[in-house]
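# An overview of the molecular structure
Okay, here's what each chain looks like letter by letter:
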Amino acid sequence: AALFAAGMSSVDSGVNSITAVLNQDLLPLFRPSPPSDVARRRRNHAIAWCTGLLVVALSIGVRYVPGNYLEVTQKTSSLFFPPLFSLFFLALFVKHSNGPGALIGVAYGMTVAVFFAFWDVFTGRTPLSFQWIGFVSLLTSIGIGWVACLFFHGRTGLKNVTPFVVGALAFLAVVSVLVLQWGRSLQ
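To start, this report covers the structure provided alongside it.

What counts, and at which threshold
- Residues numbered from 1 in each chain as written.
- Predicted model: local features only at pLDDT ≥ 70, side-chain atom pairs only at ≥ 80, totals over all residues.
- Heavy atoms only, no water.
- Helix = DSSP H or I, 4+ residues; strand = E, 2+ residues; numbered from the N terminus.
- Contact = heavy atoms within 4.5 Å.
- Areas by Shrake-Rupley, 256 points an atom, 1.4 Å probe, with all protein chains shown as cover.
- Phe/Tyr/Trp six-rings, centres within 6.5 Å; stacked < 30°, edge-to-face > 60°.
- Buried < 20%, exposed > 50% of the residue type's maximum accessible area, 1.4 Å probe, protein only.
- Axes fitted to C-alpha atoms, helices over the stretch in contact; angles between N-to-C directions.
- Left-handed = near helix turned anticlockwise from the far one by under 90°.
- Nonpolar A, V, L, I, M, F, W, Y, C, P; charged D, E, K, R; others polar.
- Expected span 1.5 Å × (residues − 1).

### A word on the overall build of the protein chain
Across its full length, the protein chain carries 7 helices and 0 strands. N-terminal to C-terminal, the α/β element order of the protein chain is α-α-α-α-α-α-α. Counting contacts in the protein chain only where the partners sit at least 6 residues apart, residues at least 24 apart contribute 73% of the total. When the accessible area of the protein chain is evaluated, it comes to approximately 12800 Å², of which 72% is carbon and sulfur surface.

As structure tokens, then:
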């Protein structure tokens, strides 16, 4: 009973958090005027139900995911948690941190995590150890984020940020294609 209670507590916290974020942050972007309290409550209930049903459907499909439980969990969590931690690290410990630089670091860190997690799928080679995914992703997120924050230090306005973001995304695309080609050539 205690195990089920702990599981239900975690699930309902997640559902409530998703509902709050969607209702407070995302939906106001599409509807500028706030709805009445009754409409907001109905929308919260609908979001909570849809989220709960989605979680149940995804949980049922977990049995079709190949690999052992530890490996699948580590691969999944390493895609998001190290880049998220890098945001906090940059904000707390890097004096010149800024939003665009930190987000570029997160994009690179998540890309590296995807390459490490699904190396065998991309290249057809022996999979890389899932234990390195988080470490390499964290180092990449912090390193690239730190360099990008140096570039954006003291710059304001969208016109100064846009060329670097476009260049960074183009560089990321080129590196992704080169890594995939290299992986296929090793076969």
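Now that the structure has been shown, we can carry on.
### Quick look at the packing of aromatic side chains
Two measures describe an aromatic ring pair: the distance that separates the ring centres and the angle between the ring planes. Enumeration according to the criterion identifies 3 aromatic pairs in this entry. Ring geometry for Phe-85 against Phe-89: centres 6.5 Å apart, planes inclined by 40°, an arrangement best described as tilted. Of the two residues, Phe-85 and Phe-89 are both situated in helix 3 (residues 69–93); the distance of 4 residues between them amounts to about one turn of the helix. In this structure Phe-85 comes out as partly exposed when scored by relative accessible area, which is 45%. Judged by centre distance (5.8 Å) and plane angle (70°), the ring pair of Trp-132 and Phe-135 falls under edge-to-face. Residue classification places Phe-135 among the partly exposed positions, given a relative accessible area of 45%. Pairwise contacts between aromatic rings join Phe-85, Phe-89 and Phe-93 into one cluster.

### Describing the side chain of Lys-75
Take Lys-75: it is sitting in helix 3. With residues near it in sequence (within four places) discarded, Lys-75 still touches Ala-117, Phe-130 and Ile-133.

### What to know about the packing of helix 3 against helix 6 (residues 133–152)
At a minimum axis distance of 8 Å, the contact between helix 3 and helix 6 shows a crossing angle of 30°. For the pair helix 3 and helix 6, the crossing hand works out as right-handed. From helix 3, Lys-75, Ser-78, Pro-82, Pro-83, Phe-85, Ser-86, Phe-89 and Leu-90 reach across to helix 6, where they touch Ile-133, Gly-134, Ser-137, Leu-138, Ser-141, Ile-142, Gly-145 and Trp-146. Residue composition of the contact of helix 3 with helix 6, by class: 9 nonpolar, 6 polar and 1 charged.

### Some remarks on helix 6
Taking 1.5 Å per residue as the helical rise, helix 6 with its 20 residues ought to reach 28 Å, and the 28 Å between its terminal C-alpha atoms agrees with that figure. Along helix 6, the residues classified as buried are Ile-133, Gly-134, Ser-137, Thr-140, Ser-141, Ile-142, Gly-145, Ala-148, Cys-149 and Phe-152. Immediately beyond the C-terminal end of helix 6, within one or two residues, lies Gly-154, with a positive phi of roughly 85°.

### Things to note about the environment of Ala-113
Checked against the element boundaries, Ala-113 lands in helix 4 (residues 99–117). As a C-alpha pair, Ala-113 and Val-136 span 23 residues in sequence and 7.3 Å in three-dimensional space. If near-sequence neighbours (up to four positions away) are discounted, Ala-113 is found in contact with Ser-78, Leu-79, Ile-133 and Ser-137.

### Describing the side chain of Ser-137
Topologically, Ser-137 is positioned in helix 6. A residue is classified by how much of its surface remains accessible, and Ser-137, at 0% relative accessible area, is buried. The residues contacting Ser-137, other than those within four sequence positions of it, are Ser-78, Pro-82, Pro-83, Gly-109, Met-110, Val-112 and Ala-113.

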